Amino acid sequence: MSARTVRESERKIEVLDEMDVVVAGAGVSGCAAAASAARAGAKTILLERNGCLGGVATATLMANIGNRFLTGSGRQVIHGFGGELVERLVAQGAASPHWKSRDLPGVVIDSEKLKVVLIDVMYEAGVTVLTHALATQPIVNGDGVTGVFLESRSGRQALLARAVVDATGEADLAFRAGSTIKEQSVKGSASILFKLARVDLDRFVDFVLEDPEGFPAGVDWVKDAETFGRNWRERGVLFFPHVSGRHWRFMIEAVAQGKLEREIGPAGSLDAVGMYALRGRDCIVINSNFYRVQDLDVRTLSVSELHAQKMCYYVADFFIRHVPGFERAYVAHVGVDLGIRTSRQIAGRVTLSREMLRDAPAPTRFDDVIGVTPVQDTKRESGEFFKEFTTDIPFGALVPCGGPANLVNASAKSIDTEPRGLIRGMSGCMICGQAAGVAAALAAKRGVAVADVPTRDLQRALLRQHVNLGDASRIKALGLL
Ligand SMILES: Cc1cc2nc3c(=O)[nH]c(=O)nc-3n(C[C@H](O)[C@H](O)[C@H](O)COP(=O)(O)OP(=O)(O)OC[C@H]3O[C@@H](n4cnc5c(N)ncnc54)[C@H](O)[C@@H]3O)c2cc1C
């Protein structure tokens, strides 16, 4: 931070519109929030600083929704907006219809198609969407927030709203509104993904299967080479686990032979490749560069973002020159946004902790449950395993302490978890986004702060939107039947 300052002169700002709910940020969290708020009857506007919807899932090119939808036996426990989105992608040929398998740790998607599916969802729900519209500052009045200022090609304007949903991913609005932020330091990792086209995917899969012992089994989390091959042959999904290049014999040898550098400048883990593809296309999305993000300073972020775009070409060149199946490939697309895995996190009314979600002996129940997520079983040798039971996600983790009571956080990246980002995968983001949107809509309708929306009313509204809050006995115990 520079010590020098200048004073911005006071000026009158045009009010663009008056809404029930304003949602800032159109990643999967913000889209879930906006559609759900509108479906709950709120006049809703969604602001996005980019020119497309989807956030990390599209602008960073993250083509894999972690498959937390299923328990260990493959029972689907996440429905609501997330379940609907996956089914809409399947219907558009943008995800495999065979995604409901525990052998598939991720629902691989066509990120380009996701952009247009989200447009359809927003418009069908009646959401007004503004692109290239940056929410700069919440309008704070006493203990409440009465809207946001935004900057766009129309200049600086104000949007008045009864409730504000922060879906910026980095809790930007909560931070600026004075909500309590757990740690100011960010200490996250960040990456940009890229897409190679004209890849012979069958040839590549065969090549990987030529050395089954060298397959990175159990790393984030395909069981073994056989499962990898079966996912491709039977499910039409190429899921080469995230980070696992570093454990793949071929890549380890290539690094040892000097064919690929592991680090260049600020980029690390260039060998930590993850790859995602769908049958019927000749494209593959590669995730392979890691940047340490210490803070959200625009200068360091810009250096990393531009460096990452160049590194995508460096890694692409390695594949084209050395990996069978990639001989004729070319870079078709590089993500435009450096995706930050974890960063700013609010201090919520409730904290969700690792012990509740990993290897927990029993489910954790919260009275203010707004969704459930399967408990991970990490004690098994290889592959991603889940127990049969789920743990509750509490609404309190989305509600910031301090700051205005009618601002709520929608992104699972920045809700209150210990450690941070515990349920930051897209399925967790969509659960939190949906609850934040519905809560904001109820708050606007009743003229109360989001933090004061009666829990049972919120839960009833979520049930109406097909969110899973638990089995029939649990719903009864909550008094919701
Ligand atoms: C590199 C990487 C790899 C990942 N891998 C996986 C994976 O394999 N599987 C998985 O399930 N999850 C993965 N995740 C996590 C998951 O993708 C993200 O946590 C999730 O997509 C975040 O969604 P979001 O909507 O909360 O935030 P974002 O996607 O960050 O969306 C925030 C949106 O808000 C916009 N915005 C920000 N500030 C403003 C503002 N002031 N005004 C207006 N708009 C604004 C941004 O442009 C963006 O569109 C990964 C994340 C990263 C970064």
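Residues numbered from 1 in each chain as written. Predicted model: local features only at pLDDT ≥ 70, side-chain atom pairs only at ≥ 80, totals over all residues.

Q: I tried to follow the overall build of the chain on my own but got confused; where do I start?
A: When its secondary structure is counted, the chain shows 13 helices and 21 strands. Over its C-alpha trace the chain gives a radius of gyration of 22 Å, about what one expects of a compact globule, namely 23 Å for 481 residues. Dimensions of the chain, computed from the C-alpha atoms along their principal axes, are close to 65 × 60 × 35 Å. Long-range contacts, defined here as pairs at least 24 residues apart, represent 73% of the contacts in the chain between residues at least 6 apart. (Helix = DSSP H or I, 4+ residues; strand = E, 2+ residues; numbered from the N terminus. Rg over C-alpha atoms; globule rule 2.2 N^0.38 Å. Contact = placed C-beta atoms within 7 Å.)

Q: Would you take a moment to explain the site of the ligand for this structure?
A: In the vicinity of the ligand lie 38 residues, with Gly25, Gly27, Gly55, Gly169 and Gly339 positioned nearest. Of the residues assigned to the shell around the ligand, the class counts are 15 nonpolar, 17 polar and six charged. For the shell around the ligand, the domains that each give at least three residues are domain 1 (14–184 + 344–477) and domain 2 (188–340). (Near = placed C-beta within 6 Å. Nonpolar A, V, L, I, M, F, W, Y, C, P; charged D, E, K, R; others polar. Domains from an automatic or database assignment.)

Q: Would you explain helix H11 (residues 426–446) in this entry?
A: What sets the pattern is the α-helix's 3.6 residues per turn: residues three or four places apart point alike. In this model, H11 (21 residues) spans 30 Å end to end at C-alpha, consistent with the 30 Å of a helix rising 1.5 Å per residue. H11 sits mainly inside the fold: 19 of its 21 residues count as buried. Looking one or two residues beyond H11, the residue adopting positive phi is Gly447, at roughly 70°. (Expected span 1.5 Å × (residues − 1). Buried ≥ 20, exposed ≤ 12 C-beta atoms within 10 Å, placed from the backbone.)

Q: Any chance you could explain the nonpolar core here in plain terms?
A: For soluble globular proteins, the rule of thumb is that nonpolar side chains tend to be buried together. Membership of the largest hydrophobic core comes to 160 residues, with the highest contact counts inside it found for Val21, Ala439 and Ala440. At 14 residues, the largest contribution of residues to this core is made by H11. A domain-level breakdown of this core finds at least three residues from each of domain 1 (14–184 + 344–477) and domain 2 (188–340). If we skip the residues at most four places from it in the chain, Ala439 touches Phe395, Val408, Val450, Val453 and Leu458. (Core = buried A, V, L, I, M, F, W, Y, C linked by C-beta atoms within 7 Å.)

Q: So what exactly am I meant to see when it comes to the sheet that holds strand S12 (residues 274–278) here?
A: Within a beta sheet, neighbouring strands are joined by backbone hydrogen bonds and run either parallel or antiparallel to one another. If you trace the five strands from one edge of the open sheet to the other, you get S11-S12-S13-S10-S15, paired in antiparallel fashion. The open sheet terminates on both sides in strands that have one partner only, identified here as strand S11 (237–240) and strand S15 (330–334). Between one strand and the next, the sheet's axes are offset by a mean angle of 20°, whatever the strand orientation. Where helix H9 (residues 298–322) meets the sheet, it contacts strand S10 (193–197), strand S13 (284–287) and S15, and its direction lies at approximately 150° from that of S15. (Pairing = 2+ DSSP bridges. Axes fitted to C-alpha atoms, helices over the stretch in contact; angles between N-to-C directions.)

Q: Would you mind showing me how to read the packing of H11 against helix H12 (residues 455–464) here?
A: The relative placement of two packed helices is expressed as an angle between their axes plus a distance between the axes. Contact geometry of H11 with H12 gives a least axis separation of 10 Å together with a crossing angle of 120°. What the angle tells us is that H11 and H12 run oblique. Like other packed secondary-structure pairs, H11 and H12 cross with a definite hand, here right-handed. Mapping the contact onto sequence places Gln434, Ala435, Val438, Ala439 and Leu442 in H11 and Asp457, Leu458, Ala461 and Leu462 in H12. Counted by class, the contact of H11 with H12 contains seven nonpolar, one polar and one charged residues. (Parallel < 35°, antiparallel > 145°, perpendicular 65-115°, else oblique. Left-handed = near helix turned anticlockwise from the far one by under 90°.)

Q: What is the right way to read the domain arrangement of the chain from this model?
A: Reports of interface size often rely on the accessible area that becomes lost once the parts have come together. Assigned domains within the chain: domain 1 (14–184 + 344–477) and domain 2 (188–340). One C-alpha centre belongs to domain 1, the other to domain 2; they are set 28 Å apart. At the interface, 22 residues of domain 1 touch 30 residues of domain 2. Per-class residue counts for the side of domain 1 that touches domain 2 are eight nonpolar, nine polar and five charged.

Q: Help me understand the sheet that holds strand S14 (residues 291–293) in this model?
A: Overall, antiparallel pairing links the three strands, which are arranged S14-S9-S16 in an open sheet. Edge positions in the sheet fall to S14 and strand S16 (339–340), since each of these pairs with one other strand and no more. Taken together, the three bridges between strand S9 (residues 188–191) and S14 define a ladder with antiparallel strand orientation. Residue pairing across strands places Ser189 opposite Arg292, the latter belonging to S14.

Q: Help me understand the pairing of strand S1 (residues 14–24) in this model?
A: Residues in a regular strand point their side chains to alternate faces of the sheet. Bridging between S1 and strand S8 (residues 155–166) involves nine bridges; their strand directions are parallel. Across the sheet, Asp17 pairs through a bridge with Leu159, a residue of S8. By the bridge criterion, four bridges tie S1 to strand S2 (residues 44–48) in an arrangement that is parallel. Bridging from a neighbouring strand, Val23 pairs with Leu46 of S2.

Q: Sorry, what's going on with helix H4 (residues 111–125) here?
A: Between the first and last C-alpha of H4 there are 21 Å, a value that for 15 residues agrees with the 21 Å anticipated at 1.5 Å per step. Considered for burial, the residues of H4 that qualify are Ser111, Leu114, Val117, Leu118, Val121 and Met122. Looking straight down H4, one finds that the buried residues subtend no more than 135° of arc, so they occupy a single side. Seen from the buried face of H4, the exposed residues on the opposite side, beyond 90 degrees, are Asp120 and Glu124. Lining the buried residues of H4 we find helix H1 (28–39), S2, helix H2 (56–59), helix H3 (80–91) and strand S5 (128–131). Residue Gly126 follows H4 closely and has a positive phi angle near 90°. (Arc of directions from axis to C-beta.)

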